[in-house]
Amino acid sequence: MKSICFESYGVKVQLESSSQVILQTAFQTAQRALLGQTAEIDRCIPDGIFRFELDGDGDCTLIQNEEVMTTASPDRKFWRFFDGLVRILVADFTKPFVFIHAGAIGWRGKAFLFPANSFNGKTTLVYEMLKLGAVYYSDEYAVLDADGLVHPFARPLSVRTRIGEIREIDVDPNSLSAEIGKIPIPVGVVLFTKFEESAVWSPNYLSPGVGAVRLIEFAISVKRNTEFVLSVLNRAVSNAYILESPRSEAKDFAAFFLEFIDNSTFLTKMMLNK
Amino acid sequence: MNSSQFPIARKSGLVVQEMPDEVLVYDLDSDKAHCLNQTAANVWKACDGNTSIAELARTFGGGNEDLIWLAIDQLSENDLLEGKLSSSFKGQSRREVIKKIGLASMIAIPVIASLAAPQSALAAQSCRCQNNSQCSGPNINCPTTFCSCSGLCNAPGPVVCP
């Protein structure tokens, strides 16, 4: 059995397989999934172990910490699934950071977060905002440090197309001429939203405490690292405006929301003073 | 209601984070998160087993025991107190009490906002499902088209879950 151990965001991950080809593919997948934040290490006491077992039919069984996660042909979908698992493992076990399941952009030097579970339009909303000049931080995870600042996790956007068969395609933010975030920035706005037919913009402003509680739903490591997560969320929301409202189609809403922010007196004050 | 009761704030199994005007509490036993507004937080912190409802009302409720009982009611309901305290608003519903207090009081109504944390980090996984039909469409990029008992589109074939 061959293995590779690497560290990412403070999390040690071990990959094992008797197939060198599978092992290398797994490591390359993990490197892409974690945006190259993967330092190979010689020996480790891993936080998570992924084992890949090939059978005689060419199928591969993916086992995470002795739990069978799938048995399938090691094709694009298989590796995409593993891509998601390794990111969740790192998000769950990391101690220096808090991964929030949220889209994140930079606007006027502050981070705007759009927390939401999958299939709720985070990527589409971020995509439309990038086209309007927002800075790309992530379409999947807002990565917060101990001071509550948002770091970029700028992977290719996984945009779902609805032309014919629904497919997920990777969009390089560079192809949108979008600026990619390079430095950690404070949170300016947290918007809890989802698309609704005939949605009317009707923002409900939440207190920092209620906003932090709502964010807990999307904080991947809240059960494993509770005290740290709460302190980070406290810092993150302390100077942020937190709103919730349904929204219209992403393309229209993105333009509307950025204009709303720029025209709002108190929000402008927030940008200047906080 | 017995205003001579001495409520005790629960301490064990809770992670507490103080904010400027609110308190965050995470219950490790139930995996629930709570945000106590200032009034609710003040009452909770003062529940030391030696301070009666009547005294709490004098200190935090402007003498209004209904306001304190509103806080105690919510704290008890959310397992933030040791034991259960009996509270009834003499035939009035909570809504009626809030209305009554709201009109009479300058002190903020105690409010606790609560949320259950997701079951596991895998709740963030995009291949989640409840049945096989959800393993196509938006889940087209998941390993299989069969929903496993753990709620992911990764089963090798149709499964029957317990």
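These numbers were taken from a predicted model, which means no experiment stands behind them.

Description of the domain arrangement of chain A
Residues and elements named next belong to chain A. Taken domain by domain, chain A comprises domain 1 (2–93) and domain 2 (98–273). Taking only C-alpha atoms into account, the centre of domain 1 sits 29 Å from that of domain 2. A class-by-class count of the residues in the side of domain 1 that touches domain 2 yields four nonpolar, no polar and one charged.

Regarding the sheet that holds strand S4 (residues 112–116) of chain B
All names here are of chain B. Read from one edge to the other, the open sheet built from four strands follows the order S1-S2-S3-S4, with strand pairing classed as antiparallel. Lying at the two open borders of the sheet, with one neighbouring strand each, are strand S1 (14–18) and S4. Neighbouring strand axes in the sheet, compared pairwise and without regard to direction, differ in orientation by 15 degrees on average. Pairing of S1 with strand S2 (residues 23–27) involves five bridges; the strand directions are antiparallel. Bridge assignment links Glu18 to a residue of S2, and that residue is Val23.

Focus: the sheet that holds strand S5 (residues 60–64) of chain A
Residue and element names in this part refer to chain A. The mixed open sheet is built from six strands, whose spatial order is S3-S1-S2-S4-S5-S6. Edge positions in the open sheet fall to strand S3 (39–41) and strand S6 (67–72), since each of these has one partner strand only. Each strand axis lies, on average, 25 degrees off the axis of its neighbour in the sheet, ignoring direction. Here seven bridges tie strand S1 (residues 2–8) to strand S2 (residues 11–17), and the two strands are oriented antiparallel to one another.

Here's the deal with the packing of helix H1 (residues 38–46) of chain B against helix H3 (residues 65–77) of chain B
Residue and element names in this part refer to chain B. Viewed as axis vectors pointing N to C, H1 and H3 meet at an angle of 80 degrees, and their least axial separation amounts to 10 Å. With respect to each other, H1 and H3 are oriented roughly perpendicular. Residue-level contacts link Thr39, Ala40, Val43 and Trp44 of H1 to Ile68, Ala71, Gln74 and Leu75 of H3. By residue class, the composition of the contact of H1 with H3 is six nonpolar, two polar and no charged.

A look at the environment of Leu157(A)
Residue and element names in this part refer to chain A. As for its position among the elements, Leu157 is in strand S12 (residues 157–161). Linking Leu157 and Asp139, residues 18 residues apart in sequence, is a C-alpha distance of 6.1 Å. Discounting residues that sit within four places of it in the chain, Leu157 has contacts with Thr123, Val126, Tyr127, Asp139, Val171 and Pro173.

Reading guide: rules and limits
Residues numbered from 1 in each chain as written. Chains lettered and ligands numbered in written order. Predicted model: local features only at pLDDT ≥ 70, side-chain atom pairs only at ≥ 80, totals over all residues. Domains from an automatic or database assignment. Nonpolar A, V, L, I, M, F, W, Y, C, P; charged D, E, K, R; others polar. Pairing = 2+ DSSP bridges. Helix = DSSP H or I, 4+ residues; strand = E, 2+ residues; numbered from the N terminus. Axes fitted to C-alpha atoms, helices over the stretch in contact; angles between N-to-C directions. Parallel < 35°, antiparallel > 145°, perpendicular 65-115°, else oblique. Contact = placed C-beta atoms within 7 Å.

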